[in-house]
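Fold and geometry: a report
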Amino acid sequence: MRRAVYAGSFDPVTNGHLWMIEHGVRLFDEMIVAIGENPDKRYTFSVAERVTMLREATQHLPNLRVETFENRFLVDYARDRNADYIIRGIREAADYEFERKMRYVNADLAPHIDTIFLMPPREIAEVSSTMVKGLVGPDGWKDVVGQYVPAPVFERLVSWHMSNRGG
């Protein structure tokens, strides 16, 4: 069985993440989307909310599992899950440079786990969770943000915005 892990914070999941996931499940027999939890990082959504959003956005993909991991190297997590592949997204040159270095470190730790790089199409390549959250608020934000995230995520962003503006 060819099993892969695709990890990230997914705070929140975007259509770029969804593109990566949908392509990953076509390439592998089983794919695990692993939500990383870094205790030093502040998140907009709790890990439980991020798990729910990912599961709702990917419920049409039968060979996918959504899990979480905390305070460990991704390659160790992948090894524990008997995955032979790690999927990483490349949006720009800086991503490539970082991921290239990590690929070599991961190979030092677990030579049998290969890193696969995928590049999303141009129209979603610049979309990141940080960018999406930064677009929330100004007049017309819903029209803009709605095109960058899956519907379940959009609903939570609307609720998040309403709760943060006090009404």
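Residues numbered from 1 in each chain as written. Predicted model: local features only at pLDDT ≥ 70, side-chain atom pairs only at ≥ 80, totals over all residues. Heavy atoms only, no water.

With an unreviewed UniProt entry as reference, the chain is termed Phosphopantetheine adenylyltransferase, source organism Amantichitinum ursilacus. Its UniProt record, at the heading Pathway (unreviewed entry), says of the chain: "Cofactor biosynthesis; coenzyme A biosynthesis; CoA from (R)-pantothenate: step 4/5." Here the chain is described in UniProt, under the heading Subunit (unreviewed entry), as follows: "Homohexamer." (UniProt positions renumbered as here; feature names shortened; annotations may be inferred.)

Re the overall build of the chain
The number of helices and strands found in the chain is eight helices and five strands. Going residue by residue from the N terminus, the α and β elements of the chain occur as β-α-β-α-β-α-β-α-β-α-α-α-α. A globule of 167 residues ought to have a C-alpha radius of gyration of about 15 Å, and the chain, at 16 Å, matches this closely. Along the longest, intermediate and shortest principal axes, the C-alpha atoms of the chain span 50 × 35 × 30 Å. Of all 167 residues assigned to the chain, the portion counted as buried reaches 44%. By sequence separation, contacts in the chain at least 24 residues apart represent 73% of the contacts at least 6 residues apart. The averaged location of the 24 negative side-chain charges in the chain is 1 Å from the averaged location of its 21 positive side-chain charges. (Helix = DSSP H or I, 4+ residues; strand = E, 2+ residues; numbered from the N terminus. Rg over C-alpha atoms; globule rule 2.2 N^0.38 Å. Buried < 20%, exposed > 50% of the residue type's maximum accessible area, 1.4 Å probe, protein only. Contact = heavy atoms within 4.5 Å. Lys, Arg positive; Asp, Glu negative; His and termini not counted. Charge placed at Lys NZ, Arg CZ, Asp CG, Glu CD.)

Topic: the pairing of strand E2 (residues 30-37)
Among the eight residues in E2, seven count as buried, and that is most of the element. Summarising the sheet, strand E1 (residues 3-8) and E2 pair through six bridges and their orientation is parallel. The residue bridging valine 5 from the neighbouring strand is isoleucine 32, located in E2. Handedness of the β-α-β unit built from E1, helix H1 (residues 15-27) and E2 comes out right-handed. For the segment spanning E2, helix H2 (residues 47-57) and strand E3 (residues 64-70), crossover handedness is right-handed. (Pairing = 2+ DSSP bridges. Right-handed = clockwise from strand over helix to strand, strands pointing away.)

Re the side chain of arginine 3
Tracing the backbone shows arginine 3 in strand E1. Using a relative accessible area of 16% as the deciding quantity, one classes arginine 3 as buried. If sequence neighbours within four positions are ignored, arginine 3 has contacts with Glu30, Ile32, Arg65, Arg81, Asn82, Ala83, Asp84 and Tyr85.

Section: the UniProt feature "domain: Cytidyltransferase-like" (unreviewed entry) in the chain
According to UniProt, the feature "domain: Cytidyltransferase-like" (unreviewed entry) maps to residues 5-133 in the numbering used here. Across residues 5-133, the secondary structure splits into 44% helix and 22% strand, with the terminal C-alpha atoms separated by 25 Å.

With respect to a nonpolar patch on the surface
Taken together, the side chains of Phe73, Val105 and Leu109 define a hydrophobic patch exposed on the protein surface, amounting to about 280 Å² of accessible area. Judged by relative accessible area, valine 105 falls into the partly exposed class, the value being 40%. (Patch = residues over 30% accessible without salt bridge, like charges linked within 9 Å, V, L, I, M, F, W, Y side chains within 5 Å. Areas by Shrake-Rupley, 256 points an atom, 1.4 Å probe, with all protein chains shown as cover. Salt bridge = Lys/Arg side-chain N within 4 Å of Asp/Glu carboxyl O.)

Brief notes about the sheet that holds strand E5 (residues 114-118)
Reading across from one edge, E3-E2-E1-E4-E5 is the order of the five strands in this open sheet, with parallel pairing throughout. Two strands in the sheet have a free side with no partner beyond their single neighbour: E3 and E5. Going from strand to strand, the sheet's axes swing by 30° on average, the running direction of each strand aside. Here strand E4 (residues 85-89) runs beside E5; their pairing, made up of five bridges, is parallel. Bridging across to E5, arginine 88 finds its partner in phenylalanine 117. Strands in contact with H1 are E1, E2, E3, E4 and E5; relative to E2, the strand with the most contacts, it is inclined by about 145°. Contacts between helix H4 (residues 93-109) and the sheet are confined to E4 and E5, with E5 contributing the most and set at about 165° to the helix. (Axes fitted to C-alpha atoms, helices over the stretch in contact; angles between N-to-C directions.)

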